[in-house]
Structures are given as C-alpha cells and as structure tokens.
Amino acid sequence: MYKGIAILYFACLALYILYSREPDFFDGETAPATIHWLQDSTYQNTIPKAVFYDNATQYAVDARYVLRNLPENKKLTVIYNTTHPEKAVVYSWWGYWITWGEVIMSFILLVALFQVAVAITKNPTPEALLEELEYKPTKKRKYDD
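First, a word on what this report is: a plain description of the structure on this page.

Thresholds applied
Residues numbered from 1 in each chain as written. Predicted model: local features only at pLDDT ≥ 70, side-chain atom pairs only at ≥ 80, totals over all residues. Heavy atoms only, no water. Helix = DSSP H or I, 4+ residues; strand = E, 2+ residues; numbered from the N terminus. Expected span 1.5 Å × (residues − 1). Buried < 20%, exposed > 50% of the residue type's maximum accessible area, 1.4 Å probe, protein only. Contact = heavy atoms within 4.5 Å. Salt bridge = Lys/Arg side-chain N within 4 Å of Asp/Glu carboxyl O. Pairing = 2+ DSSP bridges. Axes fitted to C-alpha atoms, helices over the stretch in contact; angles between N-to-C directions. Patch = residues over 30% accessible without salt bridge, like charges linked within 9 Å, V, L, I, M, F, W, Y side chains within 5 Å. Areas by Shrake-Rupley, 256 points an atom, 1.4 Å probe, with all protein chains shown as cover. Core = buried A, V, L, I, M, F, W, Y, C linked by side-chain atoms within 4.5 Å. Polar contact = N/O pair within 3.5 Å; in protein donor to acceptor, adjacent residues only side chain to side chain.

**As for helix α2 (residues 100–122)**
Logical step 1: With 23 residues, α2 extends 33 Å between its outermost C-alpha atoms, agreeing within 8% with the 33 Å of an ideal straight helix rising 1.5 Å per residue.
Logical step 2: Taken residue by residue, α2 has E102, S106 and A117 as its buried positions.
Logical step 3: Buried-residue contacts for α2 involve α1 (2–19).

**Here's the deal with the pattern of salt bridges**
Logical step 1: Per the counting criterion, the structure on display carries 2 salt bridges.
Logical step 2: Note that R21 is salt-bridged to E102, the shortest N-O span being 2.5 Å. A residue pair is termed long-range when its members are at least 10 positions apart, and R21 in the loop between α1 and β1 (29–39) and E102 in helix α2 qualify at 81 residues. Both residues of the pair, R21 and E102, count as buried.
Logical step 3: Note that D62 and R64 form a salt bridge whose closest N and O atoms lie 2.9 Å from each other.
Logical step 4: Classification of D62 by relative accessible area gives partly exposed; the value is 38%.

**Details of the sheet that holds strand β4 (residues 75–81)**
Logical step 1: A sheet is described by the order of its strands in space; here 5 strands give the open sequence β3-β2-β1-β4-β5, paired in antiparallel fashion. Strands with a single pairing partner mark the edges of an open sheet, and in this sheet they are β3 (57–62) and β5 (84–90). On average, adjacent strands in this sheet sit at an angle of 45° to one another, irrespective of strand direction.

**What to know about the environment of S106**
Logical step 1: Positionally, S106 belongs in helix α2.
Logical step 2: Separated by 17 residues in the primary sequence, S106 and N123 place their C-alpha atoms 27 Å from one another.
Logical step 3: Those residues in contact with S106 that lie beyond four places of it in its chain are Y9 and L13.

**Notes on the pairing of β3**
Logical step 1: Summarising the sheet, strand β2 (residues 46–54) and β3 pair through 6 bridges and their orientation is antiparallel. Within the sheet, the bridge partner assigned to D54 lies in β3 and is T57.
Logical step 2: Adjacent in sequence and paired antiparallel, β2 and β3 are bridged by 2 residues, among which N55 carries a positive phi angle near 55°.

**Some points on a nonpolar patch on the surface**
Logical step 1: Taken together, the side chains of V66, L67, W100, I104, M105, F107, I108 and V111 present a nonpolar region at the surface, about 840 Å² in accessible area.
Logical step 2: Here V111 falls in the partly exposed class, since its relative accessible area comes to 35%.

**Describing the nonpolar core**
Logical step 1: Among the nonpolar cores identified, the biggest contains 14 residues, and A50, F52, L76 and V78 are the most heavily contacted of them.
Logical step 2: Contributions of two or more residues to this core are made by β1, β2, β3, β4 and β5.
Logical step 3: Residues I17, I79, W97 and I98 belong to the second largest nonpolar core, which totals 5 residues.

**Let's talk about the environment of T34**
Logical step 1: Within the element layout of this structure, T34 appears in strand β1.
Logical step 2: Spatially, the C-alpha atom of T34 lies 32 Å from that of S106, the residues being 72 residues apart in sequence.
Logical step 3: Leave out the neighbours within four places in its chain, and T34 touches K49, A50, V51, N73, K74 and K75.
Logical step 4: Side chain to side chain, T34 and K75 meet in a polar contact 3.3 Å long.

Shown next, in the form of structure tokens:
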C-alpha cells in the first residue's frame, strides 16, 4: 500500500512541477545571460543580476536564490515569456524546476499522506480481520471455454 501511495504521490508531483513553472517551460524562450553584480534600486546594495538581450533590448533580472552562489561574469541561461521578458528567471535545476518552498511543502504533504494511510489501516474491525483470515482464493482457469 505504501508503494502505491508513493508512486501516486511522485507522479502527481512530477506533473505539478512540469506544468506549473512560470515562465512556462513549453511556451518560454531561452537566451544566454551573464551574471553582473549591479546595484539594486530598492535596497541600494549590489545583487547578482542576469543580463540578457531580447530584440536588441537589454534586460537585467534578479538572479538571487537560496543556496545559489553566482560569481561575476558567469554564463548561464534564462527563460522568459516573449510578451514579458522583464519577468525572466534563471533556467537551472535549483530555482526554476525545484524551489525550496515546494521541497518543504512536498515533504510535509508526503508525511501527512503517510500518516493518513497508517491511520486508515491501523485498527481494522474484527469482522474485516475474520473475513481476511477465512479468505481462500479460488482456482481460476487460464482460459475461459
């Protein structure tokens, strides 16, 4: 039973990850970018920004993410929607495909589903136990006549 729950959980998680990315993986465009440490206009400190070009227009998007260290002049790829290139994100495994919030919530959901499965199967009724003990599988023919 636990294998079935785990397989169902991971299949749902994979489909969620594949179809919930923003900008969309299937409709988005990719472009080469370079990391430059530029001054942030909001907090007046320097942050890594991915600088890329789309139709001869330069865009600089925030490239910071948890547990990701980006040195100056590092070459990478960004993914963006052609109608809103200013909302581009760094195209990487950690930060685009897998995010820290999804990892935490995924673990919590897996533990919760496991606890539900255990609670459902923990105390069966005496009638169900008796029925399970008395069950004898019948021989079936391989082919019907």
